[in-house]
Amino acid sequence: MKITNVSEYEAAAKEKLPKMVFDYYASGSDDQWTLRENREAFSRILFRPRILSDVKRIDTTTTILGHQISMPIMLAPSAMHKMAHPEGECATDRAASAAGTIMTLSLLATSSVEEVSSTGPGIRFFQLYVLKDRNVVAQLVRRAERADFKALVLTADAPMLGHREADVKNRFVLPPSLTFKNFEGLDLGKMEQTDDSGIASYFFSQIDQSLSWKDVKWLQTITSMPILVKGVLTAEDARLAIEYGAAGIIVSNHGARQLDYVPATISVLEEVVKAVEGRVPVFMDSGIRRGMDVFKALALGASGVFVGRPAVFSLAVDGEAGVRRMLQMLRDELELSMALSGCSSLREITRDHIIMPRDSNRSISRL
């Protein structure tokens, strides 16, 4: 089957991957309401296109934390890529570099920061869960700095893992041939088979549930990398993130894998953007499957988006080439959405180009 859009990679990956692995990547928490809502919320946002604009040349380039990239579409952190493909995160990273964009390496990667850095030039961020052993955290952060990672992405919405019933049913455990490569040489134990979710049990044993805003300040004392706080869903937390020194905010519900029945990220993006008032860049993840989705996020004030599941599904289907193709699809669709909306550059995309469900007095004509 010829894959013609990003969502089709999921069905193709399901045919290739073991059930336990596919379910780990694909599932959400509890009733999976938020998992569905992450997509459905995008479908309720309509376009207000402008015509007779000069769109002969479309420019999707942008600058993220001082780094110029080809498009406002980056790769979110996602764990254990070698479950999807033998080359794992290294293949994903090469694809991101070839596309001229940013890869975020998960702390729970099956390739180390050093291995990924050695694949060649690229702009890379490092995602961090704060572990109970702060000396280990400091070691991990220093390793990422030495490997020339450019920013730290602090995942702040996971003091423990959400209840992912698929992982419980499958008794999920990391395949025995794989390890968390960033943890090698550290005294962090290993994931064991349990009667429920092995990763949930392991995660609970290692993650510091006492993590608080003051720890954002602590991280700033051990690294010069800018810190992005990931997991913000409210204006209140957005303001606190800035107060405690965040260099940027990622509006995220963890791909609907943490607390179920929270809103789709696209639904709360504008609230966060308004609270930030331009002081730091705001990004979002969760639910991006079309270039049109990217356009809508930018119209609501995002500086860029991160995609997660599409990376592992395209990796499973066709390795590095699959991830390259997935990113190209999103870029092509973004360019088309821009052209058909009358925008030749990202800065021309505004709130006036979309209609949100709450815009009761808004129509396709001017307000």
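Residues numbered from 1 in each chain as written. Predicted model: local features only at pLDDT ≥ 70, side-chain atom pairs only at ≥ 80, totals over all residues. Heavy atoms only, no water.

Looking up the protein chain in an unreviewed UniProt entry gives the name (S)-2-hydroxy-acid oxidase, with the organism given as Platanthera guangdongensis. You can read under Catalytic activity (unreviewed entry) in the UniProt record for the protein chain the words "glycolate + O2 = glyoxylate + H2O2". (UniProt positions renumbered as here; feature names shortened; annotations may be inferred.)

Peer 1: Run through the packing of aromatic side chains, naming residues and quoting values.
Peer 2: In the structure shown here, the tally under the stated rule is 11 aromatic pairs. Positioned above the aromatic ring of Trp 218, the side-chain terminus of Arg 134 is 4.9 Å from the ring centre. Across the ring face of Tyr 24, the terminal group of Arg 257 is positioned such that the distance to the ring centre comes to 4.7 Å. (Phe/Tyr/Trp six-rings, centres within 6.5 Å; stacked < 30°, edge-to-face > 60°. Lys NZ or Arg CZ within 6 Å of the ring centre and 35° of its normal.)

Peer 1: I'd like a description of the environment of Gly 301, backed by residues and values.
Peer 2: Here Gly 301 is to be found in the loop between α12 (291-299) and β11 (304-307). For the pair Gly 301 and Gln 193, spaced 108 residues apart in the sequence, the C-alpha separation amounts to 44 Å. Discounting chain neighbours no more than four positions away, the residues touching Gly 301 are Val 273 and Val 282. (Helix = DSSP H or I, 4+ residues; strand = E, 2+ residues; numbered from the N terminus. Contact = heavy atoms within 4.5 Å.)

Peer 1: So what's going on with unusual backbone geometry? Residues and values would help.
Peer 2: The general pattern is negative phi for most residues beyond glycine and trans for most peptide bonds. Not every positive phi belongs to a glycine, and His 254 is a case in point at roughly 65 degrees. Summarising the element assignment, His 254 is placed in the loop between β9 (248-251) and α11 (265-276). The residue Tyr 261 is not glycine, and still its phi comes out positive at about 65 degrees. Among the structural elements, Tyr 261 can be located in the loop between β9 and α11.

Peer 1: Please set out helix α9 (residues 214-222) residue by residue, giving values where relevant.
Peer 2: Each α-helix winds once per 3.6 residues, and so residues spaced three or four apart point in a common direction. Taken together, the buried positions of α9 are occupied by Asp 215, Val 216 and Leu 219. The buried residues of α9 occupy an angular sector of 110 degrees when the element is viewed end-on, so they sit on one face. The exposed set on the far side of α9, more than 90 degrees from its buried face, consists of Lys 214 and Thr 221. (Buried < 20%, exposed > 50% of the residue type's maximum accessible area, 1.4 Å probe, protein only. Arc of directions from axis to C-beta.)

Peer 1: An account of the packing of helix α3 (residues 33-43) against α11 is requested, with residue identities and associated values reported.
Peer 2: As a packed pair, α3 and α11 sit with axes 8 Å apart at the nearest point and diverge in direction by 70 degrees. Viewed along their axes, α3 and α11 adopt a mutual orientation that is roughly perpendicular. Of the residues in α11, those in contact with Glu 37, Asn 38, Ala 41 and Phe 42 of α3 are Thr 265, Ile 266 and Ser 267. For the contact of α3 with α11, the residue count by class is 3 nonpolar, 3 polar and 1 charged. (Axes fitted to C-alpha atoms, helices over the stretch in contact; angles between N-to-C directions. Parallel < 35°, antiparallel > 145°, perpendicular 65-115°, else oblique. Nonpolar A, V, L, I, M, F, W, Y, C, P; charged D, E, K, R; others polar.)

Peer 1: Any details on the nonpolar core? Residues and values, ideally.
Peer 2: Counting residues in hydrophobic clusters, the biggest one holds 113 residues, and the most contacted among them are Ile 249, Ile 266 and Met 326. Sequence-distant contacts of Ile 266, defined by excluding residues within four places in its chain, comprise Ala 41, Phe 42, Ile 45, Met 284, Lys 296, Ala 297, Leu 300 and Met 356. The next biggest cluster of nonpolar side chains, apart from the first, holds 13 residues, and it includes Ile 64, Ile 123, Ile 250 and Phe 283. (Core = buried A, V, L, I, M, F, W, Y, C linked by side-chain atoms within 4.5 Å.)

Peer 1: Let's hear about the packing of helix α10 (residues 235-243) against α11: which residues, and what values?
Peer 2: For the pair α10 and α11, interaxial distance at closest approach is 8 Å and the crossing angle is 40 degrees. Between α10 and α11, the angle is such that the two are oblique. Every pair of crossing elements has a handedness; the one defined by α10 and α11 is right-handed. On α11, the residues that touch Ala 235, Glu 236, Ala 238, Arg 239 and Ile 242 of α10 are Glu 271, Val 272, Ala 275 and Val 276. (Left-handed = near helix turned anticlockwise from the far one by under 90°.)

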